[in-house]
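Structural characterization, general
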Amino acid sequence: MCGNDWTADDIGWGLLLHRGEVAQSYLWRSGQVRGYSITIVTARHVAEPTELSDDEAAAFWRDTLALGRALPAVEDELPAPR
């Protein structure tokens with residue numbers, strides 16, 4: 001994941017749903033569950049959320065909540081699981 005082009009809206013395995021303060025959220029293209037999405041810290045390299053400062057961690061969760069709120073808006077466009 002570290003080598004992805006975080007400026008792109010389509011990173012091959014995922015489609016950008018939300019670009020946040022410290023993270024970006026992607027709809028997983030080949031997920032087994034409809035709407036399976038992930039939020040990845042893109043502000044700097046971290047391996048675990050515990051490496052984030054308190055401010056970064058708060059921003060990460062705001063970004064994750066924004067993803068959860070965005071999913072219903074695109075629900076009809078989500079691909080069926082493979």
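Keep in mind the model is a prediction, meaning the values are calculated, not measured.

Thoughts on the packing of aromatic side chains
By the definition in use, this model includes four aromatic pairs. Plain terms: the ring middles of Trp13 and Tyr26 are 5.9 Å apart, the flat faces sit at 55° to each other, and that makes the pair tilted. With Trp13 in the segment before strand 1 (14–19) and Tyr26 in strand 2 (residues 23–28), this residue pair connects regions lying 13 residues apart in the sequence. For Trp13, a relative accessible area of 23% gives the class partly exposed. Taken together, a centroid distance of 4.7 Å and an interplanar angle of 45° make the contact between Trp13 and Trp28 tilted. Taken as a pair, Trp13 in the segment before strand 1 and Trp28 in strand 2 lie far apart in primary sequence, 15 residues in all. You can call Trp28 partly exposed: its relative accessible area is 26%. Put simply, the rings of Trp13, Tyr26, Trp28 and Tyr36 touch in pairs and so form one group of aromatic residues.

Focus on the sheet that holds strand 1
Strand order in this open sheet of three strands is 1-2-3, and the pairing throughout is antiparallel. The open sheet has two free edges, formed respectively by strand 1 and strand 3 (37–41), since each of these has just one partner strand. Strand after strand, the sheet turns through a mean of 30° between neighbouring axes, direction not considered. Packing against the sheet, helix 1 (residues 54–74) makes contact with strand 1, strand 2 and strand 3, and its axis sits at approximately 150° to strand 3.

Remarks on the pattern of salt bridges
Evaluated as defined, the whole model comprises three salt bridges. Between Arg19 and Asp9 there is a salt bridge, with its nearest N and O atoms 2.9 Å apart. Of this pair, Arg19 sits in strand 1 while Asp9 sits in the segment before strand 1, placing them ten residues apart in sequence.

Things to note about the nonpolar core
For soluble globular proteins, the rule of thumb is that nonpolar side chains tend to be buried together. Core analysis: the largest hydrophobic core is formed by seven residues, namely Val22, Ala23, Val41, Val46, Leu52, Ala59 and Phe60. Contact partners of Phe60, with chain neighbours within four places excluded, come to Val22, Ala23, Thr39, Val41 and Leu52. Among the nonpolar cores identified, the runner-up in size contains six residues, and Ala8, Ile11, Tyr26 and Ile40 belong to it.

Describing the side chain of Glu56
Along the chain, the position of Glu56 falls in helix 1. In terms of polar contacts, Glu56 uses its side chain to reach the side chain of Arg44, at 2.8 Å. Of the polar contacts made by the side chain of Glu56, one reaches the backbone nitrogen of Ser53; its length is 2.8 Å. Glu56 has contacts with Val22 and Arg44, leaving out every residue within four places of it along the chain.

Parameters and conventions
Residues numbered from 1 in each chain as written. Predicted model: local features only at pLDDT ≥ 70, side-chain atom pairs only at ≥ 80, totals over all residues. Heavy atoms only, no water. Phe/Tyr/Trp six-rings, centres within 6.5 Å; stacked < 30°, edge-to-face > 60°. Helix = DSSP H or I, 4+ residues; strand = E, 2+ residues; numbered from the N terminus. Buried < 20%, exposed > 50% of the residue type's maximum accessible area, 1.4 Å probe, protein only. Pairing = 2+ DSSP bridges. Axes fitted to C-alpha atoms, helices over the stretch in contact; angles between N-to-C directions. Contact = heavy atoms within 4.5 Å. Salt bridge = Lys/Arg side-chain N within 4 Å of Asp/Glu carboxyl O. Core = buried A, V, L, I, M, F, W, Y, C linked by side-chain atoms within 4.5 Å. Polar contact = N/O pair within 3.5 Å; in protein donor to acceptor, adjacent residues only side chain to side chain.

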